[in-house]
Amino acid sequence: MSQSEAKDSGARDTAMVTITINGREVEADPSKPLIAACHAEGEEVPHYCYHPGLSPVGSCRICQVGVQQGQMPPRVMAACRTPVAEGMVVDTEAPKAHDARRECLEFLLKNHPLDCPICDKAGECTLQDYSFDEGQGEGRSVEPRRKLDKRKSLGDVIVLDQERCILCSRCVRFFEEVPETPQLCIGERGSHSVVETFMNRPLTGNYQGNLADICPVGALTLKEFRFQARVWNLHKVASTCAGCSRGCAVTTEVLRKHEVKRFRPRHEPAVNGYWMCDTGRFALEAPNREHRLCGGILRGGSGQAQPVDTRTALEVARDMLIVHGEALIVASPFLTVEEGRELLALGKTLGARPVFLSPEPNDLTDDLLHTGDPCPNRRGLSELGFDALPVEEVLETLPSYESALLVGERLIDMLGAKNLATLPTALRVVLLECHYVDSPSIDVAVGIPNHVEREGTWVNVDGHAGRIAIARPTPEGVWMATRTIDTLHELLTMSAPGADAPGSATPGAIPSTPGAEATLG
Amino acid sequence: MSGFETYLLERTQAKDSHLLKVARGLGTYGALKKILDTPLTPKDVIEELKESGLRGRGGAGFPTGLKWSFMPDADKDTRKRYLALNADESEPGTCKDRVLMREDPHTVIEGCLIAAFAMRLDAVYIYVRGEYRVPYERLAVAIEEARTAGLVGPRILGSDFSCEIHMHKGAGAYICGEETGLMESLEGKRGHPRPKPPFPAGFGLWGQPTTVNNVETIYNAPFILERGAQWFRSMGTKKSPGNFLCGISGHVEKPGVYEIPLGMPARQILDEFAGGVWKKRALKAWIPGGSSTGFLKPDAIDTSMDHDSLKEAQSMFGTGAMIILDETASVVRSALTLMNFYEHESCGQCSQCREGTQWLAQIFQRIHDGQGRMEDIQLLEDLANGMAPGKTICALSDAAAIPTHSVIRNFKDELVEYVREGGHPDLRGKQPAVHQEVGV
């Protein structure tokens, strides 16, 4: 949990006060500034320096609203530094407040380069938004604009454009207050102020990416995302990060129904507050990896991998699992609770032992968010009844079974393709994965969607249920994982003990279904 | 010259007045001794100050006794508490505190001790402007002298009252004379003013209750305690009692620091004390109380120098530092000088001030250089409206907006003339100045 969230929950004991916002009487938390009460009421109050996850400084002065207290005449006040008080009457649309905000915008735009056409922030820039809402449409400055460093590298993650910067100091406070590793400062003074790092050192740490989110303008941008997409072309879906067992709430942002371009943190007080780590943010390789397994693959008697459609592959898998009944079910830690439940039911029918693959913790753990545990649904699968088994143990145990059902994404990576190849030939292996590796030990493989194409629930390390959501369509020929597991289960039930054993339980006999051949995408 | 009672500069006139031996002979520490011997309670002292009607001499003119009473009750709030003495005198035109610190540091110390006693605190920080080398040294030596004599430190004059005084040297930033900027600077941070609330009396230095007073304000306290509030009220006006130190500079025959009762017409100060506008020239403009109070026309010279009269004249008493401009001076150039000052001294936190001070300076520069446009006059006014009043964390933005408004209100003709005729008279008909791009 982020520090700011901890602060939030600690302050809830204070008694609420009643104030009036735009004519409505509302309850407000006096431990929070007036702007928070306005936002809670759904009133848009422009703000740059204020960020709900950081301490307020009241320096940008854009959040001016009309406030009347007691017998005093109404005044225009900065809402982010005004404490809420009983009986306060607030008018966010007061003409004087509008004027003050319009004037403030004129000052903020005086030296702003207005290079919106090539700015990555365009479309989600609040300087644009508020200028549109309240600005005056015409600049009155004929003075030359400030010339500063337009592409100052601040390390591996962030590029700073000092000209676009409006000096809100959110980035400075972020490092001071969230990871508590102060690295940025405002250098120089007055109209010469610039954001810079101490001694021009590059930024370090696993939380730098947040700077690009909290920067209200395009001054701090991600090197990864720079000039990659126009943000309005991104399809955005609320989901959960797959980076570790924290399960930070994220937005998955996909360009043209195809490439995942960004993961960005989504506010979730119980999990990640407003932040996420760079490991999770930049985990774009896995969801975007090409050469997906679409449909099914069978390794016939000839030993050649042969593409088939999903149902055919599942029927062969059914035959194999029935004959070689003593099976180990190995689930990927990326499986959702819903998929795990289906798989567990299947395992019960089969009488198989269910485990999930539990790789070694990594050394990315910190006090803030990253748990160091690469299994996003460890808790969910454990609570369902899957045993956590380390990679070596899985590989050691497998030869003692007749067959193995490996289900879920990244299993090949985690088990290791080489290790898979050395499994005994007597072991029948059915693999439901997003990718395929041409290995003699894999008898049947069926493609499933990866975590940006599925939906379901992951339970994080603290027991918080996070939803993952479909951010892009599954590749052609790929069934939802639940449907695949469910179908295999159905097939197994239909041929339960007592029913006629299928004629051929060995791979090789492939029914030909014209036009339904699978492809390796 | 009109006769009136004086006290502020009396002790500074003596030879070696900065030495303890001399100062004690002049009566310094008498008020402190009276308080401790009587003994008066802290409440008595604050009541006496309230009764006297003393108003702060640092610029805002806030009643000092009232300010002291804002400190939380020491019985209920046992936090450590501080007095910060604002000796970062840097408002252009102002040079009164320098005289007091340099010539009579012991009365400054006595004032601090009385304030500390009244507010029940035992730590005073004196924040001295970095350029004030001699005043700083005199004060430092005086504190040591007083410590040796048992006047500073534990159990002062054998009483239960203890108080330590610390010195701090500023590093040249005007903004550190703003009370919250001063506190940040004292804490070792950048001198960025803090938003209020919280106010210093509740959350000041290191988050503890703090009062910040100006040197001249504190200097008045021993006299009030020794001679009584009624004596103090016999001077000055009803709402602004007492005398003040008027630093008068610019185009006058005898610039200097003079002791003046509040309420004396500015013309009288100019003519009787400063010897009138120099070289028998006519008055063109004047600033009543430091650069932030704006330019006034000659016809306002009959205004009384006190808080209310100057407010009526759409200005402020400020620090009581008059600046006189004669008929040959250029108000536009003077305003440009001031705007360059404010641009240089803006801390850069608030958007309006950071961008506005620069913008105002740029526009005045263009008008001065002959590249002004008629619409610039309206723009100046709009910008000044956007910067003040009360739209920013501290009053530096206001301090730049007030002179701008005053130029437009009182000297619009000159602005128009500069725009029409091509800038400052010295530049007319010459090659226009090349504007350099701003940046690093």
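Residues numbered from 1 in each chain as written. Chains lettered and ligands numbered in written order. Predicted model: local features only at pLDDT ≥ 70, side-chain atom pairs only at ≥ 80, totals over all residues. Heavy atoms only, no water.

Peer 1: What am I meant to see in the overall build of chain A here?
Peer 2: Scanning chain A for helices and strands turns up 15 helices and 25 strands. With the principal axes as the frame, chain A shows a C-alpha extent of 90 × 50 × 40 Å. Looking at the 521 residues of chain A, the share that counts as buried comes to 56%. When the accessible surface of chain A is summed, it comes to about 21400 Å², and 52% of that surface belongs to carbon and sulfur atoms. Charged side chains in chain A number 53 positive and 71 negative. The centres of these two groups are separated by 6 Å. (Helix = DSSP H or I, 4+ residues; strand = E, 2+ residues; numbered from the N terminus. Buried < 20%, exposed > 50% of the residue type's maximum accessible area, 1.4 Å probe, protein only. Areas by Shrake-Rupley, 256 points an atom, 1.4 Å probe, with all protein chains shown as cover. Lys, Arg positive; Asp, Glu negative; His and termini not counted. Charge placed at Lys NZ, Arg CZ, Asp CG, Glu CD.)

Peer 1: I tried to follow the environment of B:Gly53 on my own but got confused; where do I start?
Peer 2: All names here are of chain B. With respect to the element layout, Gly53 can be found in the loop between α3 (42-52) and α4 (64-69). For the pair Gly53 and Lys238, spaced 185 residues apart in sequence, the C-alpha separation works out to 8.4 Å. Setting aside anything within four residues of it in sequence, one finds Gly53 in contact with Arg233 and Pro241. (Contact = heavy atoms within 4.5 Å.)

Peer 1: I would appreciate a short explanation of the nonpolar core in the present structure.
Peer 2: It is characteristic of soluble globular proteins that their nonpolar side chains tend to be buried jointly. Ranked by size, the top nonpolar core spans 82 residues in total, and within it A:Ile19, A:Leu34, A:Tyr48, A:Ile158, A:Phe174, A:Leu184 and A:Leu211 carry the most contacts. If you tally residues by element for this core, the top one is helix α2 (residues 34-40) of chain A, at five residues. Both domains that meet at this core, namely domain 1 (3-105) and domain 2 (293-520) of chain A, each give it at least three residues. If you look at the next biggest cluster of nonpolar residues, it comprises 60 residues, including B:Ile35, B:Met101, B:Val152 and B:Val215. (Core = buried A, V, L, I, M, F, W, Y, C linked by side-chain atoms within 4.5 Å. Domains from an automatic or database assignment.)

Peer 1: Looking at this structure, how should I read the sheet that holds strand β7 (residues 158-160) of chain A?
Peer 2: Strand pairing in a sheet takes place through backbone hydrogen bonds and is either antiparallel or parallel in direction. Residues and elements named next belong to chain A. Here we have three strands laid out as an open sheet, ordered β6-β7-β10, and antiparallel in their pairing. Among the strands making up the open sheet, the edge pair consists of β6 (152-153) and β10 (220-222). With three bridges connecting them, β7 and β10 associate as antiparallel partners. Note on β10: the bridge partner recorded for Ile158 is Leu222. (Pairing = 2+ DSSP bridges.)

Peer 1: What exactly am I supposed to notice about helix α17 (residues 412-421) of chain B here?
Peer 2: Each α-helix winds once per 3.6 residues, and so residues spaced three or four apart point in a common direction. All names here are of chain B. Looking at α17, one finds that the buried residues are Glu414, Leu415, Val416, Tyr418 and Val419. Against the buried residues of α17 lie β7 (283-287), α13 (331-345), α14 (351-369), α15 (374-387) and α16 (396-410). Trailing α17 by a residue or two, Gly422 shows a phi angle of about 95 degrees, which is positive.

Peer 1: Explain a nonpolar patch on the surface here, please?
Peer 2: The grouping of B:Phe62, B:Leu66 and B:Phe70 at the surface amounts to a nonpolar patch, some 260 Å² of accessible area in total. Among the structural elements, B:Phe62 can be located in the loop between α3 and α4. (Patch = residues over 30% accessible without salt bridge, like charges linked within 9 Å, V, L, I, M, F, W, Y side chains within 5 Å. Salt bridge = Lys/Arg side-chain N within 4 Å of Asp/Glu carboxyl O.)

Peer 1: Sorry, what's going on with the sheet that holds strand β13 (residues 259-265) of chain A here?
Peer 2: Residue and element names in this part refer to chain A. What the three strands build is an open sheet, ordered β11-β12-β13; its pairing is antiparallel. The sheet is open, and its two borders are formed by β11 (234-240) and β13, each paired with just one other strand. With direction set aside, neighbouring strand axes in the sheet form an average angle of 25 degrees. Of the pairings in the sheet, the one linking β11 to strand β12 (residues 249-255) comprises seven bridges and is antiparallel in character. Paired with Thr240 across the two strands is Ala249, which belongs to β12. (Axes fitted to C-alpha atoms, helices over the stretch in contact; angles between N-to-C directions.)

Peer 1: Before we go on, may I ask you to explain the environment of A:Ala465 in this structure?
Peer 2: Residues and elements named next belong to chain A. Residue placement: Ala465 occurs in strand β24 (residues 465-468). Residue classification places Ala465 among the partly exposed residues on the basis of a relative accessible area of 48%. Between the C-alpha atom of Ala465 and that of Arg379, which follows or precedes it by 86 residues, the distance is 9.8 Å.

Peer 1: How do you make sense of the packing of aromatic side chains when you look at a structure like this?
Peer 2: Scanning the model with the defined rule gives 22 aromatic pairs over all chains in all. Taken together, a centroid distance of 5.0 Å and an interplanar angle of 70 degrees make the contact between B:Tyr7 and B:Trp231 edge-to-face. Of this pair, B:Tyr7 sits in the segment before α1 (20-25) while B:Trp231 sits in helix α10 (residues 229-233); the two residues are 224 residues apart in sequence, bridging distant segments of the chain. Classification of B:Tyr7 by relative accessible area gives buried; the value is 0%. Judged by relative accessible area, B:Trp231 falls into the buried class, the value being 14%. The interplanar angle of 65 degrees and the centroid separation of 5.9 Å between the aromatic rings of B:Tyr82 and B:Tyr125 together place this pair among those described as edge-to-face. Taken together, the residues span a long stretch of sequence, with B:Tyr82 in strand β1 (residues 82-87) and B:Tyr125 in strand β2 (residues 123-128) at a distance of 43 residues. Take B:Tyr82 and B:Tyr125: they sit in the same class, and that class is buried. Aromatic rings pair up to connect B:Tyr7, B:Tyr219, B:Phe223, B:Trp231 and B:Phe232 into one cluster. Taking NZ or CZ as reference, A:Arg262 lies 4.4 Å from the ring centre of A:Phe225, over its face. (Phe/Tyr/Trp six-rings, centres within 6.5 Å; stacked < 30°, edge-to-face > 60°. Lys NZ or Arg CZ within 6 Å of the ring centre and 35° of its normal.)

Peer 1: Is there a simple way to explain the domain arrangement of chain B in this structure?
Peer 2: How big an interface is tends to be stated in terms of the accessible area lost upon association of its parts. Residue and element names in this part refer to chain B. According to the domain assignment, chain B contains domain 1 (11-233), domain 2 (243-326) and domain 3 (331-427). Between domain 2 and domain 3, the C-alpha centre-to-centre distance is 22 Å. Between domain 2 and domain 3, roughly 1100 Å² of surface is buried when both sides are summed, and carbon and sulfur atoms account for 63% of that area. Counting the contacts that link domain 2 with domain 3 gives one salt bridge. (Buried area = accessible area lost by both parts, 1.4 Å probe.)

Peer 1: Would you take a moment to explain the interface of chain A and chain B for this structure?
Peer 2: Between chain A and chain B, the residue contacts involve 34 residues of the former and 38 residues of the latter. Interface area, chain A with chain B, both sides summed: about 3200 Å², of which 51% is carbon and sulfur. Counting the surface chain A buries against chain B, the share from its top three residues, A:Phe107, A:Arg140 and A:Arg189, is 24%. At the surface where chain A touches chain B, the tally comes to five salt bridges. A salt bridge links B:Glu345 to A:Arg189; the nearest nitrogen and oxygen atoms lie 3.2 Å apart.

Peer 1: Would you explain α14(B) in this entry?
Peer 2: All names here are of chain B. Between its terminal C-alpha atoms α14 stretches 27 Å, which fits the 27 Å expected from 19 residues at 1.5 Å a residue. Taking burial as the measure, the 19 residues of α14 include 18 buried ones, the bulk of the element. Directly after α14, the chain includes Gly370, whose backbone phi takes a positive value near 90 degrees. (Expected span 1.5 Å × (residues − 1).)

Peer 1: Please explain unusual backbone geometry as it appears in this structure.
Peer 2: As a rule of thumb, non-glycine residues mostly have phi less than zero, and peptide bonds are mostly trans rather than cis. Cis geometry is adopted by the peptide bond preceding B:Pro198, which originates at B:Pro197 and carries an omega value of 0 degrees. Here B:Pro198 shows up in the loop between α8 (179-186) and β4 (210-214). For the bond running from B:Ala388 to B:Pro389, omega is -5 degrees, close enough to zero to count as cis. Position of B:Pro389 relative to the elements: it lies in the loop between α15 and α16. The residue A:His291 is not glycine, and still its phi comes out positive at about 60 degrees.

Peer 1: Looking at this model, I keep getting lost on the layout of surface pockets. Mind explaining?
Peer 2: In this approach the atoms are scanned with a rolling probe the size of a water molecule, which exposes any empty space left behind. Here the second largest pocket defines a volume of roughly 940 Å³. For the second largest pocket, the lining is made up of 30 residues, of which A:Val57, A:Arg173, B:Glu184, B:His192 and B:Gln349 are closest to its centre. Those elements that place two or more of their residues in the lining of the second largest pocket are α5 (170-177) and β8 (184-187) of chain A. Here the residues of the lining of the second largest pocket are counted per class, giving 14 nonpolar, seven polar and nine charged. (1 Å grid on protein atoms, 1.4 Å probe; cavity = no way out; pocket = protein on both sides within 12 Å on 5 of 7 lines; lining within 4 Å. Points joined across faces, edges and corners; volume = space filled by probe spheres on them. Nonpolar A, V, L, I, M, F, W, Y, C, P; charged D, E, K, R; others polar.)

Peer 1: Is there a simple way to think about empty space enclosed by the protein in this case?
Peer 2: Residue and element names in this part refer to chain A. In the structure shown here, the tally under the stated rule is nine cavities of 30 Å³ or more. Volume-wise, the largest cavity comes out at about 90 Å³. If you trace the largest cavity, you find it lined by Asp120, Lys121, Glu124, Ala212, Asp213, Leu220, Thr221, Leu222, Phe225, Arg262 and Arg264. In terms of residues, the lining of the largest cavity owes the most to one element, β10, which gives three residues.

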